[in-house]
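# Close look at the chain arrangement
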Amino acid sequence: MARLMVSASDVLKIAPHIVFRFDDTRQRWVMMAPERLMLPDEQAVEILKLVDGKANVGEIVDALAARYTGAPRELIAKDVTAMLQDLADKGCLAGDPAH
Amino acid sequence: MIQRIDPPLALLAELSHRCPLRCPYCSNPVELERASSELSEAEWRRVLGEAARLGVLQVHFSGGEPMVRRDLEALIGAASEAGLYGNLITSGTLGGERELAAFARAGLKHVQLSFQDHDREGNDRIAGLAGAHARKLAFAAAVRAVGLPLTLNMVVHRQNLDGVSSMIDFAVEQGARRLEIAHVQYYAWALANRAALLPTRDQLDAATEIVEAARARLRGILAIDYVVPDYHGVRPKSCMNGWARRFINISPSGRALPCHAAEIIPGLDFPSVRTASLEEIWYRSAAFNRFRGTDWMAEPCRTCERREIDWGGCRCQALLLAGDAARTDPVCALSPDHFVVEAALAEAKRAPPAFVYRRF
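The rules behind each value
Residues numbered from 1 in each chain as written. Chains lettered and ligands numbered in written order. Predicted model: local features only at pLDDT ≥ 70, side-chain atom pairs only at ≥ 80, totals over all residues. Helix = DSSP H or I, 4+ residues; strand = E, 2+ residues; numbered from the N terminus. Rg over C-alpha atoms; globule rule 2.2 N^0.38 Å. Buried ≥ 20, exposed ≤ 12 C-beta atoms within 10 Å, placed from the backbone. Contact = placed C-beta atoms within 7 Å. Pairing = 2+ DSSP bridges. Axes fitted to C-alpha atoms, helices over the stretch in contact; angles between N-to-C directions. Expected span 1.5 Å × (residues − 1).

## A short note on the overall build of chain B
Scanning chain B from terminus to terminus reveals 13 helices and nine strands. By the compact-globule yardstick of 21 Å for 360 residues, chain B fits well, its C-alpha radius of gyration being 20 Å. Looking at chain B residue by residue over its 360 residues, the buried ones come to 49%. Expressed as a percentage of contacts within chain B between residues at least 6 apart in sequence, the contacts between residues at least 24 apart total 72%.

Below, the structure is given as structure tokens:
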């Protein structure tokens, strides 16, 4: 078992035992992990919706950079990588061995 | 003052108090509920549905040993269908791969498996059951085989804390992604055994240092949750994140509680899910509203800047150590009753007495 290090070419998906869904009661997105509940903010939700097991991290950054033209791409890349690394360290993301 | 009451986040479903183990720190009440009084499958199904509609997101199937229930697979399925995130908290001494595969198919998301120590001798002595360690190893292998994520739970105390480094290595060997190192909390059976269980300050500091180093070394491989014993703290723990703020606990016979120990508090009539809906219980019962928020607090909590951080600490501990559930938790150094905690810490420096094992 090695640590998953997030880089631009990685294709990631939400780990199979993690549930990321909209909660009707609270009217917000929630992420459920073993004995842990995360309440991602609006920005994190936008990123997580793009983690689909198809796009790699660089492509996710491209999509966000196209959407938020006010922020430099490098800054978006840094924030996205840091957030995904933190979630990977918490066991919430899985790499896709096919890529 | 009208306060907004948020819906609960998690439900602890104590399916049974029956358990093959006899741990001397068991958090079940000293007066255990009998199998004949347990909720039926139909009653639990109704409770799980009500919980989901109320806003509960996660359900922890616990006990006792939840695997004594033959309807566990059906209940896991019912929870999953209702959209609840299902977690099994088990001793791993009953059942194996066949059951776990069925649970995974029914929608179970995670297994938390307890060990009483990393090695056979220590584990079986503390659990009070010969052969327990071997069964747990087989169970961990079965969890891996069916592909469910595994957390190991190690309850630590003065008689096993020095082995914390080996416990961490053991968790990695067992393929766990999470390890909970939980110091004993002194209620029920554990309070009766406190002099045999409470670690010394030196022991605690050495263990904490090992855990901190391991967390950095194992980042991304093993997440370590570490709960320090509140007796050694300066401020109390935020028990249950505040009374009836996030959690609801259902006892085997259906009694709804803000935490699993709350039944010891006299004068509170904890409602049963047999006669009231979870919604009525959560929002309107006198017992759940009794210590909600800050209005119930006396000094030094009432004007304390931390009153909405630690919520006065633990109501059960206030009762057990100060004789009144409405007082400040005596582990707080500002509590007028703090001397009782200091006396317990002094006792921890003497040779430990023999365990009083849980019995049924």
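There's more to say after this.
## Considering the sheet that holds strand β2 (residues 19–23) of chain A
Strand pairing in a sheet relies on backbone hydrogen bonds. The paired strands run either parallel or antiparallel. Residues and elements named next belong to chain A. Pairing is antiparallel across the open sheet formed by three strands, whose spatial order is β2-β3-β4. The outermost strands of the open sheet, each flanked by one partner alone, are β2 and β4 (36–38). Averaged over neighbouring strand pairs, the angle between their axes works out to 30° when direction is ignored. Note that strand β3 (residues 28–33) and β4 share three bridges and pair antiparallel. Among the inter-strand pairings, Met-31 is bridged to a residue of β4, identified as Met-38.

## Side note on helix α5 (residues 132–146) of chain B
All names here are of chain B. The terminal C-alpha atoms of α5, which comprises 15 residues, lie 21 Å apart, in line with the 21 Å expected from a rise of 1.5 Å per residue. Regarding α5, the residues found buried are Ala-132, His-133, Lys-136, Phe-139, Ala-140, Ala-142 and Val-143. Buried residues along α5 sit against α3 (97–106), β4 (110–115), α4 (120–127) and β5 (150–156). At the exit of α5 stands Gly-147, carrying a positive phi of roughly 85°.

## Digging into the pairing of β5 of chain B
Residues and elements named next belong to chain B. The buried fraction of β5 amounts to seven of the seven residues, a majority that puts the element mostly inside the structure. The alternating pattern of β5 places Leu-150, Leu-152, Met-154 and Val-156 on one face and Thr-151, Asn-153 and Val-155 on the opposite face, and all of these are buried. Here five bridges tie β4 to β5, and the two strands are oriented parallel to one another. Note on β5: the bridge partner recorded for Val-111 is Leu-150.

## Comments concerning the environment of Arg-215 of chain B
All names here are of chain B. Within the element layout of this structure, Arg-215 appears in helix α9 (residues 201–217). Taking the number of C-beta atoms within 10 Å as the measure of exposure, Arg-215 has 16 and is therefore partly exposed. A C-alpha to C-alpha distance of 9.2 Å links Arg-215 and Asp-225, two positions ten residues apart in sequence.

## Some points on unusual backbone geometry
Gly-64 of chain B follows Gly-63 of chain B through a cis peptide bond whose omega is 5°. Of the consecutive residues Glu-299 of chain B and Pro-300 of chain B, the connecting peptide bond is found in the cis state with omega at 5°. With respect to the helices and strands, Pro-300 of chain B occurs in the loop between α11 (286–289) and α12 (315–322). Positive phi is not limited to glycine here, since Glu-35 of chain A has a value of about 50°. At Trp-311 of chain B, a residue that is not glycine, the phi angle is positive and equals roughly 50°. Inspection of the secondary structure puts Trp-311 of chain B in the loop between α11 and α12. Residue Trp-311 of chain B is classed as buried on the basis of its C-beta count, with 25 C-beta atoms lying within 10 Å.

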